[in-house]
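# Summary of structural features
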Amino acid sequence: MDKDEELLSKITDGARQLVDEALRKQQTDKHPQLGIHHWLMALLERHGPMIDELVADIDRSELKSQLRAALQAGDTGATLAVPKVLEAASHRAQARGQLRATERDLAAVVLKAAGYVLKDTGPGQSDSSRSDASSSTGVEAAITWAPRARRPTPTLEQFGRDLTREALEGRLTPLVGRDSELEVMIETLCRPTKRNPVLVGPAGVGKTAIVEGLAQRIVTGSVPAALKGMRILALQPSVVVAGASVVGELEKRIRAILAEASQDGIILFIDEVHSMVGAGGREGSGDVASLVKPALARGDLACIAATTDDEFRRYIEPDEALARRFQPIRVQELTEQQTLAVLKSIRDERARREKVLVPDEVLEWLVSFSKQFLRNRYFPDKAVDLLEQCIGYGRAHELTEVTKQHAEEVAQRMVGMPVSPEERLNTLRENILACKLMREPDISMLCDRLAVTLRGLDLRPSRPNAVVILAGKMAEKVEALARTIAEALFGAPERVVQIDFSRFQSHYDLSMLIGAAPGLVGYDAQLPIHRIANMPWCVLRCDNIDRGHPGVRTVFMQAIRDGHIADARSRRIYLSDTVILLTSRTLEPAVAKSIGFGGAHSSKQSQVDTRTVVEEAVGSEFAGLVDLVCIEPPNLEDMLSALEQLLNGVAERFRTQGVELCWDHSVVEWLQRRKAKAGGDCEQIVETQLLPKLVKLLSDSAQPAGAQLMVRCHADELVVEKLLKERS
């Protein structure tokens, strides 16, 4: 082991991240040497509050502006090499009895080298009065973290996580972009009463990360005196309840937890605090919440909680006695720039551990992609998920660097969307044309629309990618068209969600679309729109849109306009990434026209007539949201081709059973007559009238393997004849 590696082994992971950040700034600015200005800028960006703790009367904003201007002008300050800083920081750590130097040690070394006078770091100890051993190195010792709590906490350690211990061991990711929320939480914990902050925000915005950031600040000493030496223990009510089936076991656990957490020096972090309500007993009587409330009311606990907006509103606010014990702190979604900083921090940490590099341009692409295509999730969680998957991809394929091409492949597989839509649009065009599901002009308009929306270039990207009405006999093709679009664009024909609006005959039936109100029957039922939340890139097939109740249709129309629909739990389900196919069998056949984007097939008068027909069926407002209307029925040639494809599919299935079927043209004519007489679709006629007759052949032992049979129609009845030639 060389000297540099030996020095690096004597610092914590957090200190190592600070070193990497300073080196990265030098490399980004392409400066020949590492200077004090690089170190100070890294400190300001990663550990700004720590500087306030070490140096009195310092304006961080002004200092950052000065450093940025100096670095842009090529002024790096005095050279300050990494080995020199690490050696001084190690001496500082050894002087206070620690084996490894922390980021606070590095900060003290850098600030002292920059000419700043450090404040007192402990009772009776100042920057100018230290032991001789410390002074001989030119570095002063700092007071290290030591737990204030004296009594053991076996129950808390059994059911929870010690975040301060994980922070000491360098296992927590540094907190980025949450300084204001962290400061408010610290202020709340320092209050004399009602010192229980609850972090409220959507899932994935980083509520737990804020608490982990507090744990890191506690172990580095960058907190007020009231919080020094604290231990943060994270607890989930579901873990406490698990296995407590014996009567009295849960109460015993809760009493032990409260006894241990009530001592000075313990902060209890309850994640998913809403799960306390009703957990382990009847809500309001015997559940975890009712057992914890007395301790909160007496002020025995210092408690941090976290939950989402919906759960806070549903479970905490109705219980006024419980809600009164907490001080809500709203946690908003991070911005793109803040998320990018989070990704860089995670990237640097993972690069040291996993030896997989993710360049800055890939991180920027991940942020942009997740913003555009993962609307139902929040920053930074959705971008972090993509980054972690990219790193996993790199490890699985033994790569040293993940390129943008690799990231696109990972994103496509995770999300199920067309990252490069050009090839998929060409496939879609060819497949629809081959199956004769739409006329060529309509195919062109649909693909032109999707070419814009799939790239996020439309004027209202929150709206669905395309909204198409299939009217009259065109509605019969909706199933085949939906599966074709889903397979070509989204990679699987199963990515189709179906809703039949003919079921919604009164305004009360809105519950069948968005769910029942809380407390009513069917409140927890899974609905088709919930499939969209789990599978945002899909085809939404809405049958009989004109037959639904106008009130329900109005709600759905607003969802198309806004790009999302809210269910009974007020959860947003985004339609932005869907292709919506609407069917209406009552519209009179007319020339298909586009509504909403360019293209025309005939005169202006025909366009007006088509719009009038659609407006009469679904209303003028709804018609204005439709991109393409396909009203023309298929011609005779298209119909015959579809029937032939249907019969060929039947023959292929019989071929696997050892029977070769041949179709006479009279069978196609027979199907046409039956369809015209009885209505319905040809598939139903084949299954109910044709297949039962043919299946009897499979049980006929006299039929040799490979027999060739001719199916024809005689006197409006099907006849099966054996061909003279048989396969050997």
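Above this text is the structure in question.
This text gives an overview of the structure that appears in the document. (Residues numbered from 1 in each chain as written. Predicted model: local features only at pLDDT ≥ 70, side-chain atom pairs only at ≥ 80, totals over all residues. Heavy atoms only, no water.)

Turning to the packing of helix H3 (residues 36–54) against helix H6 (residues 103–113), a few remarks are in order. Angle between the axes and distance between the axes are the two parameters that describe a pair of packed helices. Taken N-terminus to C-terminus, the directions of H3 and H6 make an angle of 115°; their axes are 10 Å apart at the nearest point. Like other packed secondary-structure pairs, H3 and H6 cross with a definite hand, here left-handed. Between H3 and H6, the contacting residues are Ile36, Trp39, Leu40, Leu43, His47, Met50, Ile51, Glu53 and Leu54 on the first element and Glu103, Arg104, Leu106, Ala107, Ala108, Val110, Leu111 and Ala113 on the second. Broken down by class, the residue content of the contact of H3 with H6 amounts to 13 nonpolar, one polar and three charged. (Axes fitted to C-alpha atoms, helices over the stretch in contact; angles between N-to-C directions. Helix = DSSP H or I, 4+ residues; strand = E, 2+ residues; numbered from the N terminus. Left-handed = near helix turned anticlockwise from the far one by under 90°. Contact = heavy atoms within 4.5 Å. Nonpolar A, V, L, I, M, F, W, Y, C, P; charged D, E, K, R; others polar.)

Quick look at unusual backbone geometry now. Here the bond from Phe379 into Pro380 is cis, since omega is 0°, no more than 30 degrees from zero. Along the chain, Pro380 falls in the loop between helix H18 (360–373) and helix H19 (381–396). Positioned with a positive phi, Glu272 is a non-glycine residue whose angle comes to about 55°. Mapping Glu272 onto the fold places it in the loop between strand S4 (266–271) and helix H14 (288–298). The backbone phi angle of Glu398 is positive, close to 55°, even though this residue is not glycine. Along the chain, the position of Glu398 falls in the loop between H19 and helix H20 (404–415). When its relative accessible area of 73% is taken as the criterion, Glu398 is described as exposed. (Buried < 20%, exposed > 50% of the residue type's maximum accessible area, 1.4 Å probe, protein only.)

What follows covers the sheet that holds strand S5 (residues 303–307). Pairing between sheet strands relies on hydrogen bonds along the backbone, with the strands arranged either parallel or antiparallel. Spatially, S1-S3-S4-S5-S2-S6 is the arrangement adopted by the six strands of the open sheet, whose pairing is mixed. With one partner strand each, in any of the chains shown, strand S1 (160–162) and strand S6 (327–330) form the two edges of the open sheet. Neighbour to neighbour, the strand axes of the sheet diverge by 25° on average, direction disregarded. In this sheet, S5 lies alongside strand S2 (residues 197–200) in parallel orientation, the contact comprising three bridges. Counted as the bridge partner of Val200 is Thr307 from S5. (Pairing = 2+ DSSP bridges.)

Now for the pattern of salt bridges. Should their charged atoms come close, side chains of opposite charge can pair. Applying the stated rule across the entire model yields 41 salt bridges. Its salt-bridge partner being Arg712, residue Asp664 comes within 3.5 Å of it at the nearest N-O pair. Of this pair, Asp664 sits in the loop between strand S15 (659–663) and helix H30 (665–678) while Arg712 sits in strand S16 (residues 707–714), placing them 48 residues apart in sequence. Look at Arg712 and you get partly exposed, because its relative accessible area is 27%. (Salt bridge = Lys/Arg side-chain N within 4 Å of Asp/Glu carboxyl O.)

The strand order across the open sheet built from three strands is S15-S16-S17, with neighbouring strands paired in mixed fashion. Both edges of this open sheet fall to S15 and strand S17 (717–722), since each of them pairs with a single strand only. If you compare each strand with its neighbour and ignore which way they point, the axes differ by 30° on average. Note: S15 against S16, five bridges, orientation parallel. By the bridge assignment, Cys662 is partnered in S16 with Met710.

Quick look at the side chain of Thr220 now. Examined against the element boundaries, Thr220 turns out to sit in helix H11 (residues 207–220). A distance of 3.1 Å separates the side chain of Thr220 from the backbone oxygen of Gln216, its partner in a polar contact. Non-local contacts of Thr220, meaning those with residues more than four positions away in its chain, are made with Met50, Glu103 and Arg104. (Polar contact = N/O pair within 3.5 Å; in protein donor to acceptor, adjacent residues only side chain to side chain.)

Attention shifts here to helix H23 (residues 478–490). Here H23 spans 17 Å end to end across 13 residues, near enough to the 18 Å set by a 1.5 Å rise per residue. By the burial criterion, the buried members of H23 are Val478, Leu481, Ala482, Thr484, Ile485, Ala486, Ala488, Leu489 and Phe490. Buried residues belonging to H23 abut helix H21 (421–435), helix H22 (440–453), strand S7 (466–471), strand S8 (496–500), strand S9 (539–543) and strand S12 (579–584). Phi turns positive, to about 90°, at Gly491, one or two residues after H23. (Expected span 1.5 Å × (residues − 1).)

Scanning the model with the defined rule gives five aromatic pairs in all. Between Trp365 and Phe369, the ring centres sit 5.0 Å apart and the planes meet at 20°, which makes this aromatic pair stacked. Taken as a pair, Trp365 and Phe369 lie in helix H18 at a separation of four residues, close to a single helical turn. For Trp365, a relative accessible area of 15% corresponds to the buried category. Linked through ring pairs, Phe501, Phe504, Phe556 and Phe622 together constitute an aromatic cluster. (Phe/Tyr/Trp six-rings, centres within 6.5 Å; stacked < 30°, edge-to-face > 60°.)

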